[in-house]
Amino acid sequence: MTAIAILLGLAIGVVVGAVGGGGAILALPVLIYVLDQPVGPASTASLVVVSVAAAIGAGSLARHGRVCWRLAFRFAVPAALGSLLGTAASRSVGGGALVLAFVPVMLLAAVATWTRKGDDADGGCPDPPLARVVIAGLGVGAMTGFFGVGGGFVIVPVLTMWLGAPFRRAVATSLVIITLTGLAALASHLITGSRPDLQITVELAVATGFGALLGTVLGERLPQQVLQRGFAVLVTLVALALLIDVLVLGGPPG
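Residues numbered from 1 in each chain as written. Predicted model: local features only at pLDDT ≥ 70, side-chain atom pairs only at ≥ 80, totals over all residues. Heavy atoms only, no water.

Side note on the overall build of the chain
No. 1: Across its full length, the chain holds ten helices and zero strands.
No. 2: Secondary structure elements of the chain, listed N to C terminal, follow the sequence α-α-α-α-α-α-α-α-α-α.
No. 3: Burial statistics for the chain: of 254 residues in total, 55% are counted as buried.
No. 4: Intrachain contacts of the chain at a sequence separation of at least 6 include 86% that bridge at least 24 residues.
No. 5: Summed over all atoms, the accessible surface of the chain reaches about 10300 Å², with 72% contributed by carbon and sulfur. (Helix = DSSP H or I, 4+ residues; strand = E, 2+ residues; numbered from the N terminus. Buried < 20%, exposed > 50% of the residue type's maximum accessible area, 1.4 Å probe, protein only. Contact = heavy atoms within 4.5 Å. Areas by Shrake-Rupley, 256 points an atom, 1.4 Å probe, with all protein chains shown as cover.)

Below you can see the structure in the form of structure tokens.
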């Protein structure tokens, strides 16, 4: 189990570092279906794993001046509030329903990522109206708390398509936002009594952190459109696998 956790953690980290998100859409299924964790504790563990990977990836990209710090913190404050609301709402939802509701969110993010035109130019940081940032932050934060995900697979499309950030800056900025909102959501999960398996969580988090470093290197070298479309395909495949499990195989444990 340790070897499996390390290998999967490295893969999750590469995705996080390369495209600025997507760790939780891999970590959550891995924790549930491969590492045999119940949905509640798995959601909490995924927040630990993704927050660690995002923090390491953000630190790596910050050295290259990619992070839009002002936008990141303006986004993260309402997102943290939204994560508290989302966590409260998730308490009354069963594991199968939670996963089923997760699928259309993933598919929408995949379509948005696939259809966006690539632009490898390194533009500057945008300064969108505060109201747009607050709306985006609340929405993504609510999803973070409700599903137990970092939200990066949605944050990057929101930053690029809604708030006007260039793709590579959106990736770096997303990692900062994921770290902050993930920690807020994690705190609310722990307060409500959700306790993940400590050994599995630590093993997966450490491996994911190393993977995130590798992912940031790959993300700086590969063409943007390759990253976008590869990520869109990955999100779609995971969403379809979750849908089949809930509708045909009886849903996740716990």
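Additional details are given in the paragraphs that follow.
Some details on the side chain of serine 51
No. 1: Inspection of the secondary structure assignment puts serine 51 in helix H3 (residues 39-62).
No. 2: A polar atom in the side chain of serine 51 sits 2.7 Å from the backbone oxygen of leucine 47.
No. 3: With near-sequence residues (within four places) excluded, serine 51 lies in contact with Ile178, Thr179, Gly182 and Leu183. (Polar contact = N/O pair within 3.5 Å; in protein donor to acceptor, adjacent residues only side chain to side chain.)

Section: the packing of aromatic side chains
No. 1: Counted under the stated rule, the structure contains one aromatic pair.
No. 2: Ring geometry for tryptophan 69 against phenylalanine 73: centres 6.2 Å apart, planes inclined by 20°, an arrangement best described as stacked. Linking tryptophan 69 with phenylalanine 73, this pair stays in helix H4 (residues 69-90), spanning four residues, or about one helical turn.
No. 3: Classification of tryptophan 69 by relative accessible area gives partly exposed; the value is 44%.
No. 4: The exposure class assigned to phenylalanine 73 is partly exposed, which follows from its relative accessible area of 43%.
No. 5: Sitting over the ring of tryptophan 162, arginine 132 keeps its end group 3.8 Å from the ring centre. (Phe/Tyr/Trp six-rings, centres within 6.5 Å; stacked < 30°, edge-to-face > 60°. Lys NZ or Arg CZ within 6 Å of the ring centre and 35° of its normal.)

Concerning the nonpolar core
No. 1: Counting 64 residues, the largest nonpolar core has Phe75, Met106, Phe153, Leu159 and Leu163 as the members making the most contacts within it.
No. 2: Broken down by element, the residue count for this core peaks at nine residues, all from H3.
No. 3: Setting aside anything within four residues of it in sequence, one finds leucine 159 in contact with Leu71, Phe75, Gly164, Ala165, Ala170, Thr173, Ser174 and Ile177. (Core = buried A, V, L, I, M, F, W, Y, C linked by side-chain atoms within 4.5 Å.)

Observations concerning the environment of glycine 230
No. 1: In this fold, glycine 230 is placed in helix H10 (residues 224-247).
No. 2: Of the residues examined, glycine 230 reaches a relative accessible area of 40% and is grouped as partly exposed.
No. 3: Distance in space between the C-alpha atoms of glycine 230 and threonine 113 is 9.5 Å, their sequence separation being 117 residues.

As for helix H8 (residues 167-191)
No. 1: Given a rise of 1.5 Å per residue, 25 residues ought to cover 36 Å, and the 35 Å separating the end C-alpha atoms of H8 matches this to within 8%.
No. 2: With 20 of 25 residues buried, H8 lies mostly within the body of the structure.
No. 3: Once H8 finishes, glycine 193 follows within two positions and takes phi at roughly 100°, a positive value. (Expected span 1.5 Å × (residues − 1).)

A word on the layout of surface pockets
No. 1: Approximately 160 Å³ is the volume found for the second largest pocket.
No. 2: Taken together, Leu26, Pro29, Val30, Tyr33, Val34, Val238, Ala241, Leu242 and Asp245 make up the full set of residues lining the second largest pocket.
No. 3: No other element matches helix H2 (residues 23-34), which puts five residues into the lining of the second largest pocket.
No. 4: Grouping the constituent residues of the lining of the second largest pocket by class yields eight nonpolar, no polar and one charged. (1 Å grid on protein atoms, 1.4 Å probe; cavity = no way out; pocket = protein on both sides within 12 Å on 5 of 7 lines; lining within 4 Å. Points joined across faces, edges and corners; volume = space filled by probe spheres on them. Nonpolar A, V, L, I, M, F, W, Y, C, P; charged D, E, K, R; others polar.)

Regarding the state of the cysteines
No. 1: Per the counting criterion, the structure on display carries one disulfide.
No. 2: One disulfide in the model links cysteine 68 with cysteine 125; its S-S distance is 2.2 Å. Looking along the S-S bond of the cysteine 68-cysteine 125 disulfide, the torsion reads about -95°, which is the left-handed sense. Of this pair, cysteine 68 sits in the loop between H3 and H4 while cysteine 125 sits in the loop between helix H5 (95-115) and helix H6 (130-147), placing them 57 residues apart in sequence.
No. 3: Cysteine 125 gets classed as partly exposed once you look at its relative accessible area, which sits at 42%. (Disulfide = S-S within 2.5 Å.)

Structural notes on a nonpolar patch on the surface
No. 1: On the surface, Ile6, Leu7, Leu10, Val52, Ile56, Leu198, Val202, Val206, Phe210 and Leu213 cluster together into a nonpolar patch covering about 880 Å² of accessible area.
No. 2: You can see valine 52 is positioned in helix H3. (Patch = residues over 30% accessible without salt bridge, like charges linked within 9 Å, V, L, I, M, F, W, Y side chains within 5 Å. Salt bridge = Lys/Arg side-chain N within 4 Å of Asp/Glu carboxyl O.)

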